[in-house]
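Residue-level listing of the chains:
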Amino acid sequence: MTETTAASPILNGPYDPPARHYEMGRQGRTNTVKEGRRPSESFIPIPAARKGQQNQAGFVEETIDYDLTGERRERNSLVNSLRRDVEIWRHRGYERVTATSRKLLQHWADPTRENRVLFAQREAAETAIFLAEVAGRHGYTDWRRQVDEANADHNSGLPRVALKMATGTGKTVVMAMLIAWQTANKVLSPRDARFAKRFLIVAPGITIRDRLQVLQPGHTGNYYDERDLLPSDLRAAVQQAQIVITNYHAFLLRDAKEIKGVAANTRKILLAGKTDDPFTETDDAMVARVLRDFAGRKEQIVVFNDEAHHCYQDKPIPAVKGAPASQTKDDLETARVWFKGLQAIQRKVGIKTIFDLSATPFYLGGSGYSEGYIFPWVVSDFSLMDAIESGIVKIPRTPVDDDATGDLVTYLRLWDYVGTHLPKKRLSSTEALHGWVPPAELEGALKSLYRSYTRAFEHWERTLAKHGEPPPVFIVVCPNTVVSKLVYDYVAGTETDGGVLVPGELARFSNVEDGRFLDRPRSILVDSAQLESGEAMKADFKHAAAAEIEAFKADFRRRSPGADADSLTDEDLLREVMNTVGKKGKLGEGVRCVVSVAMLTEGWDANTVTHILGIRAFGSQLLCEQVVGRGLRRRSYALGEDGKFEPEYANVYGIPFAFIPSDKPGPDPLPRPPAIMVESLPGREHLRIEFPKLDGYRVEIPDEQLMFDPATTERFPIGPSTVPTRTDVEGVVGEGETVTDDEAQGRRRQEVAYRLAARLLRTHLTALGEDPRPWLFPQLVKIAQQWLEQCVDVAPGYAIGHLLTSTEGQAEAAEAIHRAIAVQAGSRRERLRPMIRRFDPVGSTADIAFPTRKAVVATEKSEVSHVTLDGKDGNTWEQLLAAECELHRDVLSYVKNDHLGFVIPYVHKGRTHSYLPDFLVRLKPREDDVVRTLVVEVSGSQKSPGPTKAKADTARDQWCVAVNNHGGFGRWGYVEITTMLGVRERLSEAIDLLYADAPIIGDPDLLDYDEVTRGA
């Protein structure tokens, strides 16, 4: 155990198993760092102890619970035990799974990948695969029994498996990984009942539903390709997946069209005395509607529940005391519709597995269980603290001390001070809104957090705005529409009944300036839950947001002159604004403050949030995490030199989040300068470099050359034989008939040659039990043509086609040709051929875009904007080579091989590896010449030791040879530069050698120049 300070919160890299963690004390995180993985824990509500209460002896008792919310910490034994088994299985190389599963698991874990998979994502997918294929077998504990028992008790037997992943850790990627695993196995092993290729994905709202379209294999930007989730030989398999993506509202039983528009009383009369409503669809009809896109025969499906904490089977007991009645009722209705919909699908179609994904898979208030009680079928857990310590999300910072007179930290426990002073229902008139004075503690919290925001905003103006980055965002979460309108008017300004525009109290958030409303509002008022349902907005909210809606409609008209703004519903417009906050070039990019009714829905994921203010009751860590989670997505994912992400922060008031407090408050750090965006530049398409993507190499060893000498071959006659070509038939009386074999006369010489060559190949050049050798067929056709032209005598009245009139004739001809064929010994020279990726054969410098904090050099002769330099302070050698490429007269274009996808596969010590050379250099074409590209490796300086001999030999004598023999990608050469002394001369020499087709393009004994020149 070691001590550290809170100034270094990121302890682990994002791609490796967490190896260190902060110890949790009675009041949250301490500054003690412990070795090893953080145990999975939950926070169970208990009756809150009074702070500082004295016992009978007069001593003050220390509370053993999280006094902030009255909860105790409890370890999740199933998750922790299963995690240990998965870790052992991982270290054993993923034993005892199918070959397809192992290939996928190794592909995801490959540390040499450019597009690496986060460990949080790998662990979730690995756990699901372990349970399905390994648990209960080969000496591993059968953890499925505990999961089955939990499902029997809590889910009426629905086969649910929950994967807990903190906000921002990539749940959608995990869904794509599991779809790929299931589909690839089912396609390659159709009879394996463990797998399926039909998937239903259920989301809580339309925004998430739309974003999940990246799970469709045919979608532009699908995650299987974007995240490189499949080896090239398995990419075809995932195309067979059938995927339906919907939101849980689709499970609501719909009215028949005949009853629509009928008054409620009339409907009651029509239904009098009936137990079933004939005007509402049945469960089976609902299932058929939801799954109507599935084609083919009936098969079981796999279900993914996104944000699965909304789906549970509640106990029929009263709601938990303290939960807002309306919220509890809405939560229960959502849970029941979702859960019963899945039950209907299970009865009608059958469900193989339900994968639940959520950052907070806990029961909600009113469920009949303690709020915050973790779903007992959770099998993996990458918690928010895991994500914080791995740098995957922003670090939320809460108040830990102040100089107020009370015992509580005021801005941490804000609701305790202001809750009773805020309206809890609709006011009788809007007049009561004017002149509202917020409670002193609330106004103080707003202004204090705003001062912190101002520092972040000024930093954005100095460093980020010039790069086109959106401004930082301030979120306020309110308990109801009335409070949200009061706060919104306070910060953004309002219009009085007399038409006077009053600016907001927080100047940077004010929508009123110089006596008029701004064209582009800086602050917005949203009811995200209502917008996500797809239903119409309530009248009171629509009235409150009227000015905001009109302003955004005007902005939409300016941005889209040809579009019909009036055709947009108010709901569509506000949904677009809400979902594009912090997005460049979108309607919501300029928004600085979001005032929300209740908490923002899960679909809201702006990465520009820096400040959050909670003005509502928080009875559990579950609710705290759900609200704070809306602001934890990072701006930048550029790795630092230590292999870790740089910390980013979000300041949080009013949300008693027990994870974060430390012994003393830290400074308020400013955001770091932006990472440089390295990207393909429009207008530079003429500098594009394309390259083949190889999975490996294959060696062809052709048969010996077949030789035919007509001068030494016996003549072969075609004429009369015991088989007639004409037959006359007559009766005793009447007319006779002549039957002739006219078919032979119509046969063409080419057809006869093909038929004879095929027979030769089948009967004479394929040994018994061996595979045929189709590559000999072209030689045999040529030989057969020569034989027909030079060795066959055709009698008058006969034709070449007579050879095909009988099997015996064909056999005799084939034997004659075979006797005339001689084999040229010693002509079996190896030919190297590339194994090109089937579904991703070509890469290029187009569509490159990634952020970096490495040192960079701007380019002129490259389609990509910058050369990234390796090493802590940049690699001088790489910088010098880039400069030489810019100046060299024979260089048309070049690119640094960073995020390009160009790799050279090679084998070292029996294992396959991927080698990433440093540069690709495209030469200027000479007259009537092929396209030539030089692969350059720069070794030395601050880089790790240069490529091994295996890498260099493979690059030159296998990769270049195979690609050059292919002929479809021009001519390629390889050079390794090991010193910067005379680098210009070394580069020029390599370029000259490439123009001359010298050995720089590969071993001459392996090259097939004839095939290169003809483009074979």
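Everything numeric in this text was worked out from a predicted model, so none of it was measured.

Trainee: Tell me about the sheet that holds strand 18 (residues 523–526), and name the residues and values.
Mentor: Strands sit in the order 12-21-20-13-19-18 across an open sheet of 6 strands; the sheet is parallel. Every other strand in the sheet has two partners, leaving strand 12 (395–397) and strand 18 as the edge strands with one partner each. For this sheet, the mean angle separating the axes of adjacent strands, direction not counted, is 20°. Bridge count for strand 18 against strand 19 (residues 593–597) is 4 bridges, and the pairing is parallel. Bridge assignment links Leu525 to a residue of strand 19, and that residue is Val595. Against the sheet, helix 15 (residues 481–492) touches strand 13 (473–478), strand 18 and strand 19, its axis set at about 165° to strand 19.

Trainee: Any chance you could break down the side chain of Thr360 for me, citing the residues and the numbers?
Mentor: Summarising the element assignment, Thr360 is placed in the loop between strand 10 (351–358) and strand 11 (378–382). Within the local environment of Thr360, its side chain forms a polar contact with the side chain of His309, the two groups lying 3.5 Å apart.

Trainee: How would you summarise the confidence of the model for the chain if you had to cite specific residues and measurements?
Mentor: For the chain, per-residue confidence averages 81 on the pLDDT scale, and 77% of positions sit at 70 or higher. Segment residues 660–667: pLDDT under 50, and 20 contacts once partners within four positions in sequence are set aside and those in other chains are kept. In the predicted structure, residues 1010–1016 sits below a pLDDT of 50 and forms 12 contacts with residues beyond four places in sequence or in another chain.

Trainee: Explain the pattern of salt bridges to me, and be specific about the residues and the numbers.
Mentor: Using the criterion set out here, one finds 45 salt bridges in the structure. Among the ionic pairs, Arg92 bridges to Glu95, the shortest N-O distance being 3.4 Å. Owing to a relative accessible area of 22%, Glu95 belongs among the partly exposed residues under this scheme. Put simply, Lys854 and Asp898 hold a salt bridge, and the shortest N to O gap is 3.9 Å. Here Lys854 is found in the loop between strand 33 (849–852) and strand 34 (855–858), whereas its partner Asp898 is found in the loop between strand 36 (891–896) and strand 37 (904–908), with 44 residues between them in sequence. Salt bridges sharing common partners tie together Lys854, Asp870, Glu878, Lys896 and Asp898.

Trainee: Kindly report on helix 23 (residues 807–820), identifying the contributing residues and their values.
Mentor: Helical geometry: 3.6 residues make up each α-helical turn, so side chains three or four residues apart lie on a common side. Over its 14 residues, helix 23 runs 20 Å from end to end, which matches the ideal 20 Å to within 8%, given 1.5 Å per residue. Taken together, the buried positions of helix 23 are Gly809, Gln810, Ala811, Ala813, Ala814, Ala816, Ile817 and Ala820.

Trainee: So what about unusual backbone geometry? Which residues, and what values?
Mentor: In this model, Arg96 sits at a positive phi of 70°, which is unusual for a non-glycine residue. With respect to the secondary-structure elements, Arg96 resides in the loop between helix 1 (77–91) and helix 2 (99–109). Notably, Ser156 is not glycine yet its phi reads approximately 50°, a positive angle. Tracing the backbone shows Ser156 in the loop between helix 4 (144–154) and strand 6 (160–165). Residue class for Ser156 comes out partly exposed when judged on its relative accessible area of 46%.

Trainee: Help me get a handle on the packing of aromatic side chains, residues and values and all.
Mentor: Under the criterion given, the structure shown has 29 aromatic pairs. Relative to Phe355, the ring of Phe304 has its centre 5.4 Å away and its plane inclined at 25°; by these criteria the two rings are stacked. With a gap of 51 residues between them, Phe304 in strand 9 (residues 301–306) and Phe355 in strand 10 connect regions that are remote in the sequence. Residue Phe304 shares its accessibility class with Phe355, and that shared class is buried. By way of ring pairs, the aromatic residues Tyr312, Tyr363, Tyr369, Tyr373, Phe375 and Trp377 are connected into one cluster. Directly above the aromatic system of Tyr223 lies the positively charged group of Arg227, at a separation of 4.5 Å from the ring centroid. Sitting over the ring of Tyr995, Arg926 keeps its end group 3.4 Å from the ring centre.

Trainee: Just give me the short version of the packing of helix 21 (residues 749–763) against helix 22 (residues 777–790), but keep the residues and values in it.
Mentor: Each packed pair of helices is defined by two parameters, the angle between the axes and the distance between the axes. Running from N to C, helix 21 and helix 22 point in directions that differ by 125°, and their axes come no closer than 8 Å. In terms of orientation, helix 21 and helix 22 fall into the oblique class. Crossing angle aside, the handedness with which helix 21 passes helix 22 is right-handed. Residue-level contacts link Arg749, Gln750, Val752, Ala753, Tyr754, Leu756, Ala757, Ala758, Leu760 and Leu761 of helix 21 to Phe777, Leu780, Val781, Ala784, Gln785, Trp787, Leu788 and Glu789 of helix 22. In terms of residue class, the contact of helix 21 with helix 22 is built from 14 nonpolar, 2 polar and 2 charged.

Trainee: Would you mind going over the nonpolar core in detail, with residue names and values included?
Mentor: Core analysis: the largest hydrophobic core is formed by 108 residues, its most contacted members being Trp89, Trp108 and Phe304. Top element by residues in this core is helix 5 (residues 171–188). It accounts for 9 residues.

Trainee: If you had to explain the sheet that holds strand 10 to someone new, which residues and values would you point to?
Mentor: The parallel open sheet is built from 6 strands, whose spatial order is 8-7-9-10-6-11. Of all strands in the sheet, those bounded by a partner on one side alone are strand 8 (242–247) and strand 11. For this sheet the average axis-to-axis angle between neighbouring strands, irrespective of direction, equals 15°. Bridge count for strand 6 against strand 10 is 5 bridges, and the pairing is parallel. Within strand 10, the residue paired with Val161 across the bridge is Phe355.

Trainee: Lay out helix 21 in plain terms, naming residues and giving numbers.
Mentor: Taking 1.5 Å of rise per residue, the 15 residues of helix 21 would be expected to cover 21 Å, and the 21 Å separating its terminal C-alpha atoms lies within 8% of that figure. For helix 21, the full list of buried residues reads Val752, Ala753, Leu756, Ala757, Arg759, Leu760 and Leu761.

Trainee: Help me get a handle on the environment of Val864, residues and values and all.
Mentor: The residue Val864 is located in the loop between strand 34 and strand 35 (866–869) in this model. Residue Val864 is classed as buried on the basis of its relative accessible area of 4%. C-alpha of Val864 to C-alpha of Val895: the two residues are 31 residues apart in sequence and 6.8 Å apart in space. If we ignore the near neighbours within four places in the chain, the residues touching Val864 are Val678, Glu679, Ser680, Arg684, Thr845, Ile848, Thr859 and Val895.

Here is what the cut-offs are and how they apply
Residues numbered from 1 in each chain as written. Predicted model: local features only at pLDDT ≥ 70, side-chain atom pairs only at ≥ 80, totals over all residues. Heavy atoms only, no water. Pairing = 2+ DSSP bridges. Helix = DSSP H or I, 4+ residues; strand = E, 2+ residues; numbered from the N terminus. Axes fitted to C-alpha atoms, helices over the stretch in contact; angles between N-to-C directions. Contact = heavy atoms within 4.5 Å. Polar contact = N/O pair within 3.5 Å; in protein donor to acceptor, adjacent residues only side chain to side chain. pLDDT = per-residue confidence, 0-100. Salt bridge = Lys/Arg side-chain N within 4 Å of Asp/Glu carboxyl O. Buried < 20%, exposed > 50% of the residue type's maximum accessible area, 1.4 Å probe, protein only. Expected span 1.5 Å × (residues − 1). Phe/Tyr/Trp six-rings, centres within 6.5 Å; stacked < 30°, edge-to-face > 60°. Lys NZ or Arg CZ within 6 Å of the ring centre and 35° of its normal. Parallel < 35°, antiparallel > 145°, perpendicular 65-115°, else oblique. Left-handed = near helix turned anticlockwise from the far one by under 90°. Nonpolar A, V, L, I, M, F, W, Y, C, P; charged D, E, K, R; others polar. Core = buried A, V, L, I, M, F, W, Y, C linked by side-chain atoms within 4.5 Å.

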